[in-house]
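Residues per chain are reported as follows:
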Amino acid sequence: VLGLSCQTYRIYPCAEIAKRVKAANPEIIIVIGGPHTTAYPLETLGLPGVDYVVEGDGDTSLKLLLDALAAGDEKKLKAVPGLIYREFSGREFSGVVRNPVSNSPDLNAIPIPNRDLLDMKDYYTAADGSSEVITMISSRGCPFKCVYCDVLEKQYRYRSAKNVVDEMEHISKKYNDPVVHIFDDTYNLTKKRVMEISEEIIRRGVKVKWTTRARVSPFDDEMVSLMAQSGLKRAHFGVESGSPLSLQKIKKGVRVEHIVKAFELCKKYGVESLAYFIIGFDWETKKELKETVKFIGQISPDFIMANMLHPLAKTAVYEDLIKNGVFKKDYWLEHAIKPVPEFRLPPH
């Protein structure tokens, strides 16, 4: 069995791997999961070489699927949450089965990943030098509705502070001076949870350097002080723009003063900062772009990642372009059905 996790903007290489593997060895069963299957579940099953699709959380579902395949019991497939597959009556195709999705509310029940199968020396970032960077996830989903974001899981679920720190401690003991990157969609949704995790790290005496992706609000003096004490090395913020107009239109729920304060606090407590920016929203003029450039100088982040806006599938920005007639058809849907190399949206 070959399992592939995929995001929509990477569907072409994912589809090519599935097609070529199946051509090389038709006996291999191919399963695709990941965010793409939430956006385009049935289209994914239609890709050449794909046998099964897992929609939603795959932690338990993949295990149940493997058990059913190992037992050769097709009836067990109906009990696999989020599984999508073709059903046959003898040799005759009888239809597509799409089991209900059942995302796990208890993320604490998922064991710590076995990273022995990976050479962690292959995982690093320019910002962290020669340190091995070990990623982990402390929560899933994001309830916010930023117009450019393709995170479709809006139910926010999180692990307990003890459970999170258990994994951080495991990593700190297993690897030589690692940097743990908490790769959540939104790490600091609530101050209470952030404080509990940092307090648990300090109470247990876990010596760990960690980084995370966070919102500029909530992000106050008390929180940052404790995060720094617990080993926070760098915070990654989705700033996106320095224009008040753009911040309002992207529906991020933050204002300029929130951003300024967050970067001031990072400097105050010796925490590195990384700022993400997006350039090219339809309403932007030279005025908004100049405001953003000036703003970068004002907040002075340690690292910057600036990107041109790329309207992703299922985002509000993309849907508006279709609704307003800028795009004459759903190009992402076409690409999901028949992926092509070097896919580009038309100029807009």
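Residues numbered from 1 in each chain as written. Predicted model: local features only at pLDDT ≥ 70, side-chain atom pairs only at ≥ 80, totals over all residues. Heavy atoms only, no water.

**Quick look at the environment of Glu 169**
Turning to its location among the elements, Glu 169 is positioned in helix H5 (residues 161–174). Residues contacting Glu 169, with those up to four places away along its chain left out, are Arg 204 and Val 206. (Helix = DSSP H or I, 4+ residues; strand = E, 2+ residues; numbered from the N terminus. Contact = heavy atoms within 4.5 Å.)

**Regarding the sheet that holds strand S12 (residues 272–279)**
Strand order in the open sheet formed by 6 strands is S6-S9-S10-S11-S12-S13, and the pairing between neighbours is parallel. Each end of this open sheet is capped by a strand with a single partner; those strands are strand S6 (133–136) and strand S13 (303–308). The average undirected angle you get between the axes of adjacent strands in this sheet is 20°. As defined by bridge partners, strand S10 (residues 209–214) adjoins strand S11 (residues 232–240) across 5 bridges and the pair is classed as parallel. Looking at the pairing, Thr 212 lines up with Ala 235 of S11. Most of the contacts of helix H9 (residues 256–268) go to S11, to which it runs at about 165°, and overall it touches S11 and S12. (Pairing = 2+ DSSP bridges. Axes fitted to C-alpha atoms, helices over the stretch in contact; angles between N-to-C directions.)

**Notes on the pattern of salt bridges**
In the structure shown here, the tally under the stated rule is 34 salt bridges. Between Arg 157 and Asp 57 there is a salt bridge, and its shortest N-O distance comes to 2.7 Å. Of this pair, Arg 157 sits in strand S8 (residues 157–158) while Asp 57 sits in the loop between strand S3 (52–54) and helix H4 (59–71), placing them 100 residues apart in sequence. A relative accessible area of 4% places Arg 157 in the buried class. For Asp 57, a relative accessible area of 13% gives the class buried. Residues joined by salt bridges that share partners form a network here, namely Lys 162, Asp 166, Glu 169, Lys 173, Glu 200, Arg 203 and Arg 204. (Salt bridge = Lys/Arg side-chain N within 4 Å of Asp/Glu carboxyl O. Buried < 20%, exposed > 50% of the residue type's maximum accessible area, 1.4 Å probe, protein only.)

**Overview of a nonpolar patch on the surface**
On the surface, a nonpolar cluster with roughly 380 Å² of combined accessible area is contributed by Leu 42, Phe 88, Phe 93 and Val 96. Along the polypeptide, Phe 93 turns up in strand S5 (residues 92–98). For Phe 93, a relative accessible area of 47% gives the class partly exposed. (Patch = residues over 30% accessible without salt bridge, like charges linked within 9 Å, V, L, I, M, F, W, Y side chains within 5 Å. Areas by Shrake-Rupley, 256 points an atom, 1.4 Å probe, with all protein chains shown as cover.)

**A short note on the sheet that holds S5**
Strands sit in the order S1-S2-S3-S4-S5 across an open sheet of 5 strands; the sheet is mixed. Bordering the open sheet on either side are strand S1 (2–5) and S5, each of which pairs with just one other strand. Averaged over all neighbouring strand pairs, the angle between strand axes comes to 25°, with direction disregarded. The pairing of strand S2 (residues 30–33) with S3 spans 2 bridges and is classified as parallel. Across the sheet, the residue bridging to Val 31 is Tyr 52, located in S3. Helix H1 (residues 11–24) rests against S1 and S2 of the sheet, and its axis sits at about 170° to S1. Packed onto the sheet, H4 meets S2, S3 and strand S4 (83–89) and runs at close to 155° relative to S3.

**Some remarks on the packing of H9 against helix H10 (residues 286–299)**
Orientation of H9 relative to H10, taken along the N-to-C sense of each, is 30°, at an axis distance of 10 Å. With respect to H10, the axis of H9 lies roughly parallel. The residues of H10 that touch H9, namely those facing Val 256, Ile 259, Val 260, Phe 263 and Lys 267, are Phe 295, Gln 298 and Ile 299. Its residues placed into classes, the contact of H9 with H10 shows 6 nonpolar, 1 polar and 1 charged. (Parallel < 35°, antiparallel > 145°, perpendicular 65-115°, else oblique. Nonpolar A, V, L, I, M, F, W, Y, C, P; charged D, E, K, R; others polar.)

**Things to note about the packing of aromatic side chains**
Applying the stated criterion across every chain yields a total of 11 aromatic pairs. Plain terms: the ring middles of Phe 88 and Phe 93 are 5.7 Å apart, the flat faces sit at 65° to each other, and that makes the pair edge-to-face. The partly exposed category is assigned to Phe 88, whose relative accessible area is 43%. Arranged with centres 5.5 Å apart and planes meeting at 85°, the rings of Phe 327 and Tyr 331 form a pair that is edge-to-face. (Phe/Tyr/Trp six-rings, centres within 6.5 Å; stacked < 30°, edge-to-face > 60°.)

**Details of the packing of H5 against helix H6 (residues 191–204)**
Remark: H5 packs on H6, axes separated minimally by 9 Å, with the N-to-C direction vectors making an angle of 50°. What the angle tells us is that H5 and H6 run oblique. The handedness of the crossing between H5 and H6 is right-handed. Between H5 and H6, the contacting residues are Ala 161, Lys 162, Val 164, Val 165, Asp 166, Met 168 and Glu 169 on the first element and Arg 193, Glu 196, Ile 197, Glu 200, Ile 201 and Arg 204 on the second. Taken together, the residues of the contact of H5 with H6 break down into 6 nonpolar, no polar and 7 charged. (Left-handed = near helix turned anticlockwise from the far one by under 90°.)

Just distances and angles here, no functional claims.
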